[in-house]
Amino acid sequence: MGLYLGIDFGTSGARGVVIDEEGNIQHQARYPFGMSSDSNLARDWQVALFSLLEQIPGAIRQEIQAIAIDGTSSTVLLCDAAGNPVSAPLLYNDGRGAIMLDNLKSVAPPNHTVLSATSSLAKLLWMAQQPDFAQARYFLHQADWLAFLLHGQLGISDYHNVLKLGYDVEALKYPEWLEKLKIPIHLPQVSTPGTSIAEIHPEIAMQFRFSRNCLICAGTTDSIAAFIASGAKLPGEGVTSLGSTLALKLLSRTRVEDARYGIYSHRLGNLWLPGGASNTGGAVLRQFFTDAELEKFSREIDATKASDLDYYPLLKAGDRFPINDPNLPPRLEPRPDSPAEFLHGLLESIARIEARGYELLQQLGADKLNCVYTAGGGAANDTWTEIRKRYLQVPVVRPLHTEAAYGTAVLAMRGMRE
Ligand code: ADP
């Protein structure tokens, strides 16, 4: 039976998941990231990647037909002609590109997704100002470089990772305005996520005893991988991530973009994946409750009754989606004496923001919401699920799989065909 390996490089560690053709998990491996100095970061990723490969039992490794890798979006690095990093990678949340934004604004279309301090393009422009840029030949994303270690071909990416580099995912080409920047470096060639790039490099096949025919596929980003893991594949299916923050994605036939709300769309085969993220979410709950208290007090809540408390839970002022107001104050008053009542108000208020988020995506042209899959720490809270059903008015489903590595294994198995 054919097996497929998905590898996820997330924010806190790397994971590998091997699935069979029915989507059953055959093996899982983890590699937590420790503290790493900037200069060793890329080599630490390599150690993590090889450790995940070594953890897979030999008999399973032999049967793996395809491998794909996802990385954190806009984590990027420069390499020389042999693929060696010439400087430390810039991580997804590195804001040093901020000083390039004025320059970028003069070239990129208004409100474009590249116009953010953390975009891949802002980072590339910043890197181009540094002395070690002279040795650089290729600009790659984390997932591109890790895949290179397995197939040996430099300068290849996928249309998910390059979205924030300015690549036009609709026309499938780099736009003309990008050429005006005259960046003297190879921008990645762009493949469809999940399509085969090349057979595994013979040395890697021998070192790790993979089949010589094992294919290395174009990858994706960690949040799209998590979306794919949920199993959502039809227009109108949404995935809510209830983690530290609240992130929504709604699979649609229409592309939706609105920079005011930070909404942009990834391409997913013939469909689009618009999404937005709010600063509300589990991090605010954690300010008041431990996870054990969240479970205990949630059980005391009558989810069928609406709470009168109307909060806008934030850690600090400001939100973008579904309300675009950089000064929006956190609203957490009045606070009742009963912790369960307080929690009820918080869960209900976050559910209201979630429903408003999906409404906004639909107003801007996304398909009508007909089902919501839930991922993240809040997905396990059945009381919250009941409350959310009341606001969303569609089935709210807990998917079998939420791990990005699982989604990337699915991508290796069938690409963007479904
Ligand atoms: P992230 O990866 O975004 O940091 P996770 O998906 O791991 O977050 O989710 C962690 C969040 O889930 C925490 O902020 C916590 O408040 C929340 N959480 C944990 N348990 C529960 C629960 N039973 N009900 C609601 N929220 C919960």
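Residues numbered from 1 in each chain as written. Predicted model: local features only at pLDDT ≥ 70, side-chain atom pairs only at ≥ 80, totals over all residues. Heavy atoms only, no water.

- Going by an unreviewed UniProt entry, the protein carries the name D-ribulose kinase and comes from Chlorogloeopsis fritschii PCC 6912.
- Of the comments in the UniProt record for the protein, the one headed Sequence similarities (unreviewed entry) reads "Belongs to the FGGY kinase family." (UniProt positions renumbered as here; feature names shortened; annotations may be inferred.)

1. Describing the pairing of strand S4 (residues 64-71)
At step 1: With 7 of 8 residues buried, S4 is to be regarded as a mostly interior element.
At step 2: Pairing geometry for strand S1 (residues 3-9) and S4, over 6 bridges, is parallel. By the bridge assignment for S4, Tyr4 is matched with Ala66.
At step 3: Pairing between S4 and strand S11 (residues 220-221): 2 bridges, direction parallel. Looking across to S11, one finds that Asp70 is bridged to Thr220. (Buried < 20%, exposed > 50% of the residue type's maximum accessible area, 1.4 Å probe, protein only. Helix = DSSP H or I, 4+ residues; strand = E, 2+ residues; numbered from the N terminus. Pairing = 2+ DSSP bridges.)

2. A closer look at the packing of helix H11 (residues 339-363) against helix H12 (residues 382-392)
At step 1: Running from N to C, H11 and H12 point in directions that differ by 40°, and their axes come no closer than 9 Å. One way to sum up the angle between H11 and H12 is to call them oblique. Between H11 and H12 lies a crossing of right-handed hand. Contacts between H11 and H12 involve His344, Leu347, Glu348, Ile350, Ala351, Arg352, Glu354, Ala355 and Tyr358 from the former and Trp384, Ile387, Arg388, Arg390, Tyr391 and Leu392 from the latter.
At step 2: A per-class count over the contact of H11 with H12 returns 9 nonpolar, 1 polar and 5 charged. (Axes fitted to C-alpha atoms, helices over the stretch in contact; angles between N-to-C directions. Parallel < 35°, antiparallel > 145°, perpendicular 65-115°, else oblique. Left-handed = near helix turned anticlockwise from the far one by under 90°. Contact = heavy atoms within 4.5 Å. Nonpolar A, V, L, I, M, F, W, Y, C, P; charged D, E, K, R; others polar.)

3. Here we look at the domain arrangement of the protein
At step 1: Domain annotation for the protein reports domain 1 (3-223 + 405-414) and domain 2 (232-398).
At step 2: Each of domain 1 and domain 2 has a C-alpha centre, and the two are 29 Å apart.
At step 3: Taken residue by residue, the interface counts 12 residues in domain 1 and 11 residues in domain 2.
At step 4: Between domain 1 and domain 2, a total of about 1,000 Å² is buried, with carbon and sulfur atoms accounting for 56% of that surface.
At step 5: The tally of links between domain 1 and domain 2 comes to 1 salt bridge.
At step 6: For the salt bridge of Arg255 with Glu170, the shortest nitrogen-to-oxygen distance reads 2.8 Å.
At step 7: Our count for the contact surface shared by domain 1 and domain 2 stands at 6 residue pairs in polar contact (both at pLDDT 80 or more).
At step 8: Residue composition of the side of domain 1 that touches domain 2, by class: 4 nonpolar, 4 polar and 4 charged. (Domains from an automatic or database assignment. Buried area = accessible area lost by both parts, 1.4 Å probe. Salt bridge = Lys/Arg side-chain N within 4 Å of Asp/Glu carboxyl O. Polar contact = N/O pair within 3.5 Å; in protein donor to acceptor, adjacent residues only side chain to side chain.)

4. Looking at the site of the ligand
At step 1: Around the ligand there are 14 residues in total, and Ser244, Gly282, Gly376, Gly377 and Asn381 lie nearest to it.
At step 2: Residue Ser244 places a side-chain N or O atom 2.6 Å away from an oxygen atom belonging to the ligand.
At step 3: Within the backbone of Ala283, one N or O atom sits 3.4 Å away from an oxygen atom of the ligand.
At step 4: Within the complex, 70% of the 580 Å² of free accessible area of the ligand lies under protein.
At step 5: Contributing elements (two or more residues each) for the shell around the ligand: helix H9 (282-288) and helix H10 (291-299).
At step 6: No other element matches H9, which puts 4 residues into the shell around the ligand.
At step 7: Grouping the constituent residues of the shell around the ligand by class yields 4 nonpolar, 7 polar and 3 charged. (Near = heavy atom within 4 Å. Areas by Shrake-Rupley, 256 points an atom, 1.4 Å probe, with all protein chains shown as cover.)

5. Comments concerning the nonpolar core
Most often, soluble globular proteins keep nonpolar side chains buried together rather than apart.
At step 1: Ranked by internal contacts, the top residues of the largest apolar core, which has 42 residues, are Leu285, Leu343, Tyr358 and Leu392.
At step 2: Elements with a minimum of two residues in this core: strand S13 (246-250), H9, H10, H11 and H12.
At step 3: Counting residues per element, this core draws most heavily on H11, at 12 residues.
At step 4: Residues in contact with Tyr358, not counting those within four places in the same chain, are Gly238, Val239, Thr240, Leu248, Lys249, Leu250, Leu369, Val372 and Leu392.
At step 5: Formed by 38 residues, the second largest nonpolar core is a distinct cluster that contains Ala14, Leu140, Ala147 and Ile204. (Core = buried A, V, L, I, M, F, W, Y, C linked by side-chain atoms within 4.5 Å.)

6. Examining the pairing of strand S16 (residues 371-375)
At step 1: Among the 5 residues of S16, 5 are classified as buried, and the element is accordingly described as predominantly covered.
At step 2: Neither face of S16 is exposed, since Cys371, Tyr373 and Ala375 on one face and Val372 and Thr374 on the opposite face are all buried.
At step 3: When strand S12 (residues 237-242) meets S16, the two strands line up parallel, connected through 5 bridges. Paired with Thr240 across the bridge in S16 is Thr374.
At step 4: Of the pairings in the sheet, the one linking S16 to strand S17 (residues 396-397) comprises 2 bridges and is parallel in character. Opposite Val372, over in S17, you have Val396 as the bridge partner.
At step 5: Regarding the hand of the β-α-β motif, the stretch spanning S16, H12 and S17 is right-handed. (Right-handed = clockwise from strand over helix to strand, strands pointing away.)

7. A short note on the pattern of salt bridges
At step 1: In total, this model carries 15 salt bridges according to the counting rule given.
At step 2: Between Arg253 and Asp367 there is a salt bridge, with the nearest N and O atoms lying 2.4 Å from each other. In this pair, Arg253 is assigned in the loop between S13 and strand S14 (264-268) and Asp367 in the loop between H11 and S16, connecting sequence segments 114 residues apart.
At step 3: Accessibility expressed as a relative area gives 59% for Arg253, which makes it exposed.
At step 4: Where Lys389 meets Glu386, a salt bridge forms, and the shortest distance between an N and an O atom there is 3.3 Å. With Lys389 and Glu386 both in helix H12, this residue pair falls 3 residues apart, about one helical turn.

8. Things to note about the sheet that holds S12
At step 1: Spatially, the 6 strands line up as an open sheet ordered S14-S15-S13-S12-S16-S17, and their pairing is mixed. Both outer strands of the open sheet, S14 and S17, are each paired with one neighbouring strand and no more.
At step 2: By the bridge criterion, 5 bridges tie S14 to strand S15 (residues 271-278) in an arrangement that is antiparallel. Directly across from Leu268, in S15, lies its bridge partner Leu271.

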